[in-house]
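Coordinate inspection notes
Next come the chains, spelled out residue by residue.
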Amino acid sequence: LSSSALSNLSLNYINFPTKVIFRSCKLIPTMAIATFMNQRRFTRAEYACALAICTGLVLFVATDMKLTPSFQTTGIILVSLSVCADAVLPNAQERLFRNGSSRLEVTFYSNVFTLCFMMVSTLCSGDFVEIFRYASNDRKLAV
């Protein structure tokens with residue numbers, strides 16, 4: 001739920017390629033959280049494959065980065081928290097499914113909580129007001 005907001009906030013401090021590199025590597029935290037949250041066990045080979053995939057994604061995205069990527073510690077912290085939050089969601093959903101929740105229930109509540117959180121984050125950041133200010137200046141957009 002907080003993953004999108006943290007990821008978007010991180011762009012105030014880091015450039016987009018840096019964000020993509022971090023977000024591309026969520027497989028490893030997802031596997032680690034699955035181990036603790038759902039008692040799933042992964043083999044060394046599975047971890048090695050995950051590491052290879054993440055390394056490949058980093059190398060692929062890194063080719064598009066400028067010579068000096070723009071980032072600040074705050075942005076790295078925000079995008080790292082975003083990746084961790086994003087790793088929790090599929091594991092929490094897996095646990096809910098195992099406890100008898102339907103796909104409709106899980107999807108509905110995930111979306112409702114995301115909507116509420118994103119509304120609060122856009123209000124707090126001032127982006128919500130800017131959206132309406134921008135739309136009021138562009139009549140085509142407002143319609």
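The following refers to the structure shown. Because the structure is a prediction, the values reported are computed rather than measured.

Calculation criteria
Throughout this document, residue positions are counted from 1 along each chain, in the order its sequence is written. For a predicted model such as this one, the threshold for reporting local features is a pLDDT of at least 70, and the threshold for listing and counting side-chain atom pairs is 80 or more; totals across whole chains, interfaces and linings nevertheless cover every residue. Neither water nor hydrogens contribute to the side-chain values; these are computed over all heavy atoms in the structure. In DSSP terms, a helix is any run of H or I states spanning at least four residues, a strand is any run of E spanning at least two, and both are numbered starting from the N terminus. Using a 1.4 Å probe on the protein chains alone, a residue whose accessible area is under 20% of its type maximum counts as buried, one over 50% counts as exposed, and one in between counts as partly exposed. Here a residue-residue contact requires only that any non-hydrogen atoms of the pair lie within 4.5 Å. A helix is expected to span 1.5 Å multiplied by its residue count minus one. Under the rule applied, a polar contact is a pair of N or O atoms within 3.5 Å (in protein, one hydrogen donor and one hydrogen acceptor; residues adjacent in sequence only if both atoms are side-chain atoms).

A word on the environment of R95. Mapped onto the secondary structure, R95 falls in helix α5 (residues 73-98). Assessed through its relative accessible area of 34%, R95 is described here as partly exposed. Along the primary structure R95 and A34 are separated by 61 residues, whereas in three dimensions their C-alpha atoms are 9.7 Å apart. If sequence neighbours within four positions are ignored, R95 has contacts with M37, N38 and Q39.

Helix length check: helix α6 (residues 103-125) (23 residues) gives 32 Å between terminal C-alpha atoms against 33 Å at 1.5 Å per residue, within 8%. Residues of α6 that are buried: V106, S110, S121 and T122. Buried residues along α6 sit against α1 (2-10), α5 and α7 (127-137). Positive backbone phi, at 90°, marks G126, one or two positions downstream of α6.

Structurally, N38 can be placed in the loop between α3 (27-37) and α4 (44-62). With a relative accessible area of 4%, N38 lands in the buried category. A distance of 3.1 Å separates a polar atom in the side chain of N38 from the backbone oxygen of N91. Within polar-contact distance, the side chain of N38 engages the side chain of R98 at 2.8 Å. Beyond its immediate chain neighbours, meaning those up to four positions away, N38 contacts I33, N91, E94, R95 and R98.

All we've got here are geometric facts, nothing functional implied.
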